[in-house]
Amino acid sequence: MASVPGESDYDQVDEASARIVGELQLKSYMRFMQDYVNELSDFESAIGRKHNELWDRRLNPIALQTTLNEKISLPDLIQTDNKVLNKVLIVLSALCVEIEKLEKEAIRDFYDPLMFYGEGAGDVDADQKVEGNEQLQIGRILPLLQKLTCFSQRCREVVKNVVQQLAALYNKSLPKVIDTTSVHFTTVFEHICVLLRVLVTLDEIVASNQTLHDHWAAYKTMMKSVHHSPGNFGVDASKLKPLEKLLARLERQIINSNMLNHALNQDFDDSGIPVTKNTLFSEEFVYNLKIVFVNIESKLGEQSETDYHLQYVGVCALFVLHYNLFHSLDKKFFKQIWDSQKKVPCICLTGHVTLFPDVFLFENMPPTSKAVDTRMKDQAAQIRNNWLLAKAQAIPRECQSYYAAVNNWMVKMTSGPSAMKTIEDLAARSRLFIEGLRLSNSLRVAIETVTNLHANINKPMTKSEVLSLFRMIALSKATADVFVQHSMVFVESSMHIVQLLGFEILKTLQAAKKRVVTDKKYSERRLDILSALVLCEQCIARCPTSQRLIVAKLALAVANQARIFREDEFTSLTTKFERLRLIGTVGVLNAAKIVSDQSSLYWHRALFHTYLDGLFQDPPDAARLHYIFAALEDCVVHLKRIKHFSSPLQLVEAFKEEITLSFKQDLLDKMCKEIENDLRLSVHIHLKLDDRNPFRVGVKSLRQLLAVQPINFLGDFIDVKAYVTHYLDQTFYNLTTVALHDWRTYAEMRNLASQKYQLKMQEVHLPNQQLEQGLDVLEIMRNIHVFVSKYLYNLNNQIFVESSSNNKHLNTINIRHIANSIRTHGTGIMNTTVNFTFQFLKKKFYIFSQFLFDEHIKSRLVKDMKEFRENRENYNQLYPYDKADRFNRGIRKLGLSQDGSTYLDQFRLLIAHIGNAMGYIRMVRSGGLHCCSDAIRYVPDLEEIANFEELTKDEDLSSEVNVSFAQFDSVIGSLSKNSAEGSDYLHMLVDVFAPEFRSSKNMHLRNFYIIIPALTLNFVEHIIGCKEKMNKKNKVGASFTDDGFAMGLAYILKLLNQYSKFDSLHWFQAVRRKYMEDVKSQQQANSDPKSRRQGNAMEDEKLQQTRALALKRINIYQREFELLYFSLSSARIFFRADVTAKEEATKAGNEDKAATDQSSSGEAPAAASVST
């Protein structure tokens, strides 16, 4: 009988099937991923990457965080069978961990806010400073200062606790906790150095910030005012006392830089544990201090050093602590410490804050110790100056050596094997990581030391020194760039390297453990050693967190009390522990970010100007620009921690604007000018303006700068090539519009820029200028006051002729020139010209009014007017010629100008200038009509213009075509209208000024018509003199036309509505009659028989010549008066002299009514307007 399978059998089959299917899917996915990786590699190799382009960290959307965090407490971590040892190690480890936390807190919360306090406030001008801003900034950082006092107190307590714990271990009077005869907890003393260095750094930051002290003084002054009258400030008096106590504590401890002294000068014997009288502890203290010093002394000042210079600061502070505790001085050891400052005369604590070891020891060692005297301090200062001098001379050589070392390291990084197959490969990769970190750190230390030392002793840098420092900055950021590029390799390799280092350490520990186990003698000391070795193995076997490494080092110190490690083994263990901390705990990428931080460049950003100037002189260094801006961006992380502004972004934006403005002014603008000059000289090379032989004057190629990729600086892109292109486009366009006849030159320069510098230039799309362009309308419009005084108007030919010139020819302007200019600039220039003319006329009419308002002129005009009215019948309605002549000659009594002209001459010139302006307006209108006529000449029939919009509606075309035809119809209609009529600008200028001229407040202007006879007489004399000069050798002042005077007379008479009054004088009839009488009298004298007999008798030939000349002179005057009359009559036609003011008002009313009716029907009236 067959058996029936059970349910469990089916489950096993399903599991097996699912496993097979899963494996197939996994293999398929792996093949897909491998193909995808290969495709990405092909893309990367095809696209390539430029080596001068900085890796943009913002483009890394995915990154691995390798930071290790300990989640096990120290009591759980330190668990051995030796309970007493456990307690000792827990206490010491907890104190070391606490010190590390305090160091991180100080760096994160206190360094930057205190160091950057006051930054950004000094950039504000004195007149823009807000009163009370200093007190407001202090108020914003008061919470920070209060927190800092708590931090300082915590550091004080930790220092005291560590000292007392160590004193309890090393003493002869108390019971021994463990046997510490040969146990040296050097790690604890190293952590004390770290904590003391933190306090020293905080004190130096506060002491170096003078702005903080100034603002604090202002804040205290304000608090005194508040204390005397709290009611005026709306403050409760009861709340002032706690605040004043807080301020006093802050000033005593923080502002006066007493945090280190506050930690050192305290009672260490208050717990019952002997400290200051503990000789055993004193000996142990000195022993460990010497060990720490010996470990760093040989490496100080070397290029391979990491943070030994900072450890040296801790050693100095620890030495001061030892003296304060025990008041004993080892002069030999102190001399070793003192001599070490020759290697590092300046130590950069953070940013621009520096410490001089000699000054620190001089100020902190009590005078009773007699350790440092003034002579030693002066010698140290001299050593520091000599060191800086030698360093400045050696910087270029150091830069070259760093350049070779960094390039060598980069080659090793990029050419090394991708897969770590052997232990030797891992060891080599580990050494390579450490080498890169040391190179970058060494570069940063060298840069900070040189720049800060220069700033502290106020010694200027040479240009070559600045350029070398910036090359070193670029090398540092290039090293960091390599770390970022190979981040995945570092992460993967770091884990293997950590395992390798742990394995090697465990191997050494196990060998030592075997040596201890072979000793069969039992003792507490042997038990402590074995427990310490077991604990060290447990810590190393797991992730190398900071706490585990501290515990391991402390346990190693206990284990080595019997010298179970050889000297070379212990040194190797120490080195491996350091590498384990660097690679495993800190992380290679984090360490690279720390050692390549160039944020100190913020305090020396003035050097950026010098660097840009050097870069402009030596463009091949342009490839480093990305690295320099990456170094400048390092400052932003620190700037965002400030507290004295309402928002840290204010300082970030100010820094961004400063750097961007400096980059544009010191490099981009210079590049633009240099490229423009090069293009200009290349185009005009036929002029041989300068020596352009490259073998004699050299060649400055700016193509390297133009080839720089756009720079991303704080979210904004700076594109060098686009900036230069925009500048050249803008310059060529503007210069072409000013001088259109040079369009071909700028076109050649544009083409040359495209060929020589690979710039993508834009076409200007301006019309090419004709040869017969003349003076441009824009130029005349901008200088209308100069134009009307330098040019003379001819009414009949509509032409302006230059009055005088230094050349052999005179420039002329006619309708054709104006039409060409309007074609160039567009018809909109016509309205603008009228507006400029209106502004010019306003100024001239003010002078015109002042002249007629003068008492001498007004009284004489009123007198002549009254006399003419009373004797009109006697004068036969003709204004007497003699009266006008007397006025013309009598005005000389009022005085003459420097050039000998009378006030009437100047008044005539004023009217001529006004007339020239009106003539120019007439010419602009005629030129506009001429331009429109030329534009519409291709329309076959102006009477019947086809409406294309209506025609397209029946063809069912697209809406875009309909809109295009509608615009075309609009353009054609506008041209047709403008070519047919145009705008009457003369009538518009009459309408603008006429109401004001005819108002009652300008009654004195109504006397104008009575002065016209004298004016015409003055004009005729002037024009005759000018025409006579035409035939002379010296033609200064010669002219043959000046119709601007007649144009001005006609315009002003129209404004005053005095055509009828002037006509009532019958002035030109009086002039004709006068000259006819003169001619008649001369002819009668010649034909008189008596006179002829006398002439025959006397043969007075001279008299005959005189009469002939008189007749000729009379004919000349008569002809000029006739020409003036004709010109005035013609000019009056322009202003419609036949229409009276009353008729004009009636006509205007009718037009307004018609416009109202038209607007009510929904149509807009087409009328031109002039802005008044």
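Note that this is a predicted model, so its numbers are computed, not measured.

Considering the sheet that holds strand 7 (residues 812-814)
No. 1: One open sheet holds the three strands; their spatial order is 5-6-7, and the pairing between them is antiparallel. Edge strands, defined here as strands with exactly one partner in the open sheet, are strand 5 (791-794) and strand 7. In this sheet, neighbouring strand axes are inclined to one another by 20 degrees on average, regardless of whether the strands run parallel or antiparallel.
No. 2: In this structure, strand 6 (residues 799-802) lies alongside strand 7, joined through three bridges in antiparallel fashion. Directly across from I799, in strand 7, lies its bridge partner N814.

A look at the packing of helix 21 (residues 625-639) against helix 22 (residues 649-683)
No. 1: Where helix 21 meets helix 22, the axes come as close as 10 Å, and the angle between the chain directions of the two elements is 160 degrees. Viewed along their axes, helix 21 and helix 22 adopt a mutual orientation that is roughly antiparallel. Of the two elements, helix 21 crosses helix 22, and the hand of that crossing is right-handed. Contact with helix 21, carried on its side by L625, F629, L632, C635, V636 and L639, involves L651, V652, F655, I659, F663 and L667 of helix 22 and no other residues of that element.
No. 2: Of the residues belonging to the contact of helix 21 with helix 22, the class tally is twelve nonpolar, no polar and no charged.

Considering the pairing of strand 1 (residues 347-350)
No. 1: Bridging between strand 1 and strand 2 (residues 353-355) involves three bridges; their strand directions are antiparallel. The partner of C348 across the bridge, within strand 2, is T354.

Observations concerning the nonpolar core
No. 1: One finds F185 and F663 to be the most contacted residues of the largest nonpolar core, which totals 224 residues.
No. 2: Take this core: its biggest share by element is 16 residues, from helix 4 (residues 133-169).
No. 3: Contacts of F185, omitting those with residues within four sequence positions, involve L89, L92, L169, Y170, E284, N288, L554, A557 and V558.
No. 4: Counting 97 residues, the second largest nonpolar core, distinct from the first, contains Y791, L1053, F1121 and F1135.

Remarks on the packing of aromatic side chains
No. 1: Within this structure, the stated rule accounts for 50 aromatic pairs.
No. 2: Consider the rings of F189 and F285, whose centres lie 5.2 Å apart with planes at 80 degrees: the pair is edge-to-face. Here F285 lies in helix 9 (residues 279-297) and F189 lies in helix 5 (residues 186-208), a separation of 96 residues in the sequence.
No. 3: Here F189 falls in the buried class, since its relative accessible area comes to 0%.
No. 4: Note on F285: relative accessible area 0%, which makes it buried.
No. 5: By way of ring pairs, the aromatic residues F116, F470, Y602, W603, F608, Y611, F629, F655, F663 and F713 are connected into one cluster.
No. 6: Here the basic side chain of R384 rests over the ring of F356, its NZ or CZ set 3.9 Å away from the ring centre.

What counts and what doesn't
- Residues numbered from 1 in each chain as written.
- Predicted model: local features only at pLDDT ≥ 70, side-chain atom pairs only at ≥ 80, totals over all residues.
- Heavy atoms only, no water.
- Pairing = 2+ DSSP bridges.
- Helix = DSSP H or I, 4+ residues; strand = E, 2+ residues; numbered from the N terminus.
- Axes fitted to C-alpha atoms, helices over the stretch in contact; angles between N-to-C directions.
- Parallel < 35°, antiparallel > 145°, perpendicular 65-115°, else oblique.
- Left-handed = near helix turned anticlockwise from the far one by under 90°.
- Contact = heavy atoms within 4.5 Å.
- Nonpolar A, V, L, I, M, F, W, Y, C, P; charged D, E, K, R; others polar.
- Core = buried A, V, L, I, M, F, W, Y, C linked by side-chain atoms within 4.5 Å.
- Buried < 20%, exposed > 50% of the residue type's maximum accessible area, 1.4 Å probe, protein only.
- Phe/Tyr/Trp six-rings, centres within 6.5 Å; stacked < 30°, edge-to-face > 60°.
- Lys NZ or Arg CZ within 6 Å of the ring centre and 35° of its normal.

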